[in-house]
Every structure is written in C-alpha cells, then in structure tokens.
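If you want the building blocks of each chain, they are given just below.
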Amino acid sequence: MHLLEHEAKRLLADAGIAVPASRLIHKGTPSDLTAPVVLKSQVPTGGRGKAGGIRVVEEGDDVATTIKRLFELDIKGHRPQTLLAEEKLDIKKELYIS
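Read on for an overview of the structure.

**Brief notes about the overall build of the protein chain**
Next up, step 1: A tally of helices and strands in the protein chain yields 2 helices and 4 strands.
Next up, step 2: Its C-alpha atoms give the protein chain a radius of gyration of 13 Å, within 12% of the compact-globule value 13 Å for 98 residues.
Next up, step 3: In terms of overall dimensions, the protein chain has C-alpha extents of about 35 × 30 × 25 Å along its principal axes.
Next up, step 4: A burial count over the protein chain gives 30% of its 98 residues as buried.
Next up, step 5: The contacts in the protein chain between residues at least 6 apart in sequence include a share of 62% that link residues at least 24 apart.
Next up, step 6: For the protein chain, the exposed area adds up to about 7,000 Å²; of that, 52% sits on carbon and sulfur atoms.
Next up, step 7: Distance from the positive charge centre (15 side chains) to the negative charge centre (14 side chains) of the protein chain: 6 Å.

**Observations concerning the pattern of salt bridges**
Pairs can form between side chains of opposite charge once their charged atoms are near each other.
Next up, step 1: Taken as a whole and assessed by the stated rule, the structure comprises 8 salt bridges.
Next up, step 2: Taking the shortest distance from any N to any O, the salt bridge between Glu5 and Lys40 comes out at 2.9 Å. In this pair, Glu5 is assigned in helix α1 (residues 5-14) and Lys40 in strand β2 (residues 37-41), connecting sequence segments 35 residues apart. By the burial criterion, Glu5 is buried, and Lys40 matches it.
Next up, step 3: The closest approach of N and O atoms between Glu72 and Lys68, which form a salt bridge, is 3.3 Å. In this pair, Glu72 and Lys68 both sit in helix α2 (residues 62-72), 4 residues apart, roughly one turn of the helix.
Next up, step 4: Through salt bridges that share partners, Glu5, Lys9, Lys40, Arg48 and Glu86 make up one connected network.

**Focus: the nonpolar core**
Next up, step 1: Ranked by size, the top nonpolar core spans 11 residues in total: Ile25, Leu33, Val37, Leu39, Val57, Val63, Ile67, Leu70, Phe71, Leu83 and Ala85.
Next up, step 2: Of all the secondary structure elements, the ones that give two or more residues to this core are β2, α2 and β4 (82-86).
Next up, step 3: Per-element accounting of this core gives the leading share, 4 residues, to α2.
Next up, step 4: Here Phe71 is in contact with Ile25, His26, Lys27, Arg79, Pro80, Gln81, Thr82 and Leu83, once residues within four sequence places are set aside.

Cut-offs used in this document
Residues numbered from 1 in each chain as written. Predicted model: local features only at pLDDT ≥ 70, side-chain atom pairs only at ≥ 80, totals over all residues. Heavy atoms only, no water. Helix = DSSP H or I, 4+ residues; strand = E, 2+ residues; numbered from the N terminus. Rg over C-alpha atoms; globule rule 2.2 N^0.38 Å. Buried < 20%, exposed > 50% of the residue type's maximum accessible area, 1.4 Å probe, protein only. Contact = heavy atoms within 4.5 Å. Areas by Shrake-Rupley, 256 points an atom, 1.4 Å probe, with all protein chains shown as cover. Lys, Arg positive; Asp, Glu negative; His and termini not counted. Charge placed at Lys NZ, Arg CZ, Asp CG, Glu CD. Salt bridge = Lys/Arg side-chain N within 4 Å of Asp/Glu carboxyl O. Core = buried A, V, L, I, M, F, W, Y, C linked by side-chain atoms within 4.5 Å.

Here is the structure:
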C-alpha cells in the first residue's frame, strides 16, 4: 500500500492517535495561511526533506512565496499537486515510521 503523508495521518487520526492540526493546499487554489506553518510536498517518494520539499515558514510574508516554490519543485521526478500545511509544534524528537 502506498500512501501520501496526509492519507497516513488521516488513518492515524481515525485510530485515535494524535496528529498535528493540518489542511491540504491544492495547486492553483489561493491560500489564506499565516505563519508559523510547516509546508510539506505530497509526493509518492522519500527524501522530501533533503530535496527541499518540506519547509518551516516563520514569517507571514514568506507563506505565499514558499507555497509557489514548493509546487514548482521537482522531487525525484514528481511535482506536488497538493501540500500538507501543518501547525508548527515545539518538538523534542522526530521519528519516522513506515
């Protein structure tokens, strides 16, 4: 089974596991997001962070510019059609599961 991050997080939330507040941004749709926010390219491949496909936006003026750049970014042959916008959390440790 291949899932994008937002699909996997929806399954986790449905199972009662806490996930950050989030919403999807679709390419070509205006966004009213404000910073701080974490923007994550939704593409079916690993290595998004190292490729620049995950960005933490601290300043409000940078949100629209960052969204535009992420939609234009090619990540291992994939360009995102959606971005996952998540609340920025103060985390101590980050873990990946698969």
